[in-house]
Amino acid sequence: MGFWNVLFGGKELTPEEEKQEQQEKNFDLLKYDGVKAMKMGQTEYAVRCFEEALKLKNDLETHDYLSQALIRQGELAEALNELELLAAAEPENVQIQIRVAQVAYMTEDYERMIAACEQALQTDADNTQVHFLYAQAYQGQGNTVGAIAMLTKAIALQQDYAEAYLLRSQLLLQMGDVKGADADAEWLIQHIAEHEDVLLLKARIEAAKGNASEAVGWYDRLTEVNPFSIEAYHERGQLKFNQGDKAGAEADMQKVLELNPNQLADVNGEYSAEGIEQRVKQAYSAVNPLGL
């Protein structure tokens with residue numbers, strides 16, 4: 001190295017400079033090997049590459065890559081630590097705060113979610129996604145009123161925010177405000193009518209209003225969209241049983257058992273008529289070789 005520098009008139013590198021240059025090359029090699037591995041789905045190897053690269057150089061982009069790889073591996077607490085480091089380095093980067101909130105939501109760390117949302121709103125007070133995440137954090141804490149307030153702000157800022165309408169309607173229904181829940185559900189029906197969460201919500205609202213036949217109709221539509229919806233069969237079966245349609249209730253319970261035999265206890269608890277309960281037990285025996 002020194003010979004060629006002298007020959008071409010360059011400055012000869014000291015041993016320390018040569019070491020630093022080699023370290024930079026090793027860092028780049030590890031970093032981009034990690035990126036390549038992550039794109040190929042080899043996340044475990046990618047994580048190792050990024051961690052080794054960061055031992056050579058503290059690089060924010062590499063911390064970002066590492067956080068993504070850790071999320072893919074399901075190592076959410078470790079990913080959150082990497083994101084917090086990025087957030088501390090770039091406190092006005094709203095997208096980083098959003099990612100912190102999203103990962104904190106997955107770990108059910110609602111205090112951390114709220115802190116990230118507060119930080120993001122200081123930079124962008126009109127960010128609808130941040131308001132929605134804030135609502136999810138409040139929901140996680142059991143603060144339904146606060147969650148609804150945040151969702152209302154999000155909808156005021158973005159009037160076609162379907163996710164916010166859906167969550168607000170679900171929360172209003174939980175609170176017993178069937179009329180308010182139905183108003184949001186009607187907006188959803190007009191815009192994304194065939195979405196299974198919307199169909200399930202509308203069916204539950206009609207059931208809460210005492211409109212059993214209408215509710216069954218919505219459950220019917222849901223099972224057409226998603227023939228594997230356990231909730232639809234279970235809840236529709238309850239309505240059919242209450243209406244005296246024992247055959248229909250039994251058919252729905254049979255479907256529940258086919259999709260998830262572990263729900264036998266729940267079904268028996270709600271459908272207690274002796275004839276149907278016996279047939280449910282028989283159906284369960286058909287999918288459980290031990291007959292338990």
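In this text, all values refer to a predicted model and were calculated from it rather than measured experimentally.

Q: How would you sum up helix H6 (residues 94-106)? Please name residues and give values.
A: Counted at 1.5 Å a residue, the expected span for H6 with its 13 residues is 18 Å, and the 19 Å between its end C-alpha atoms agrees. Against the buried residues of H6 lie helix H4 (60-73), helix H5 (76-89), helix H7 (110-123) and helix H8 (128-141). Measuring from the side-chain oxygen of the N-cap residue of H6 to the backbone nitrogen of Gln95 gives 3.1 Å; that N-cap residue is Asn93. With its phi angle positive at about 60°, Glu108 sits one or two positions after the end of H6.

Q: So what's going on with the pattern of salt bridges? Which residues, and what values?
A: Taken as a whole, this structure holds 19 salt bridges when the rule is applied. A salt bridge links Lys57 to Glu24; the nearest nitrogen and oxygen atoms lie 3.7 Å apart. Of this pair, Lys57 sits in the loop between helix H3 (43-56) and H4 while Glu24 sits in helix H2 (residues 15-39), and the two are 33 residues apart along the sequence. Taking relative accessible area as the criterion, Lys57 reaches 33% and is therefore assigned partly exposed. Note that Lys240 is salt-bridged to Asp252, the shortest N-O span being 3.5 Å. Residue Lys240 is found in helix H14 (residues 230-242), and its partner Asp252 is found in helix H15 (residues 246-259); the two are separated by twelve residues along the sequence. The pair Lys240 / Asp252 is uniform in exposure class, with both members buried. If you follow the salt bridges from partner to partner, you end up with Asp182, Glu186, Lys202, Glu206 and Lys209 in one network.

Calculation criteria
- Along each chain, residues carry numbers from 1 onward, in the same order as the chain's sequence is written.
- Only residues with pLDDT of 70 or above have their local features reported here, since the model is predicted, and side-chain atom pairs are shown and tallied only from 80 upward, although totals for entire chains, interfaces and linings are computed over all residues.
- In computing side-chain values, all of the structure's heavy atoms are included and hydrogens and water are not.
- To qualify as a helix, a DSSP run of H or I must reach at least 4 residues; to qualify as a strand, a run of E must reach at least 2; elements of each kind are numbered from the N terminus.
- Expected helix span is computed as 1.5 Å times (number of residues minus one).
- The contact criterion used throughout is that any non-hydrogen atoms of two residues lie within 4.5 Å.
- Nitrogen and oxygen atoms within 3.5 Å of one another constitute a polar contact, given that in protein one can donate a hydrogen and the other can accept it, and given that sequence-neighbouring residues count only through two side-chain atoms.
- The term salt bridge refers to a pairing of a side-chain nitrogen on Lys or Arg with a carboxyl oxygen on Asp or Glu at a separation within 4 Å.
- A simple rule labels every residue: compare its accessible area, found with a 1.4 Å probe on the protein chains alone, to the largest value its type can have, and call it buried under 20%, exposed over 50%, or partly exposed in between.

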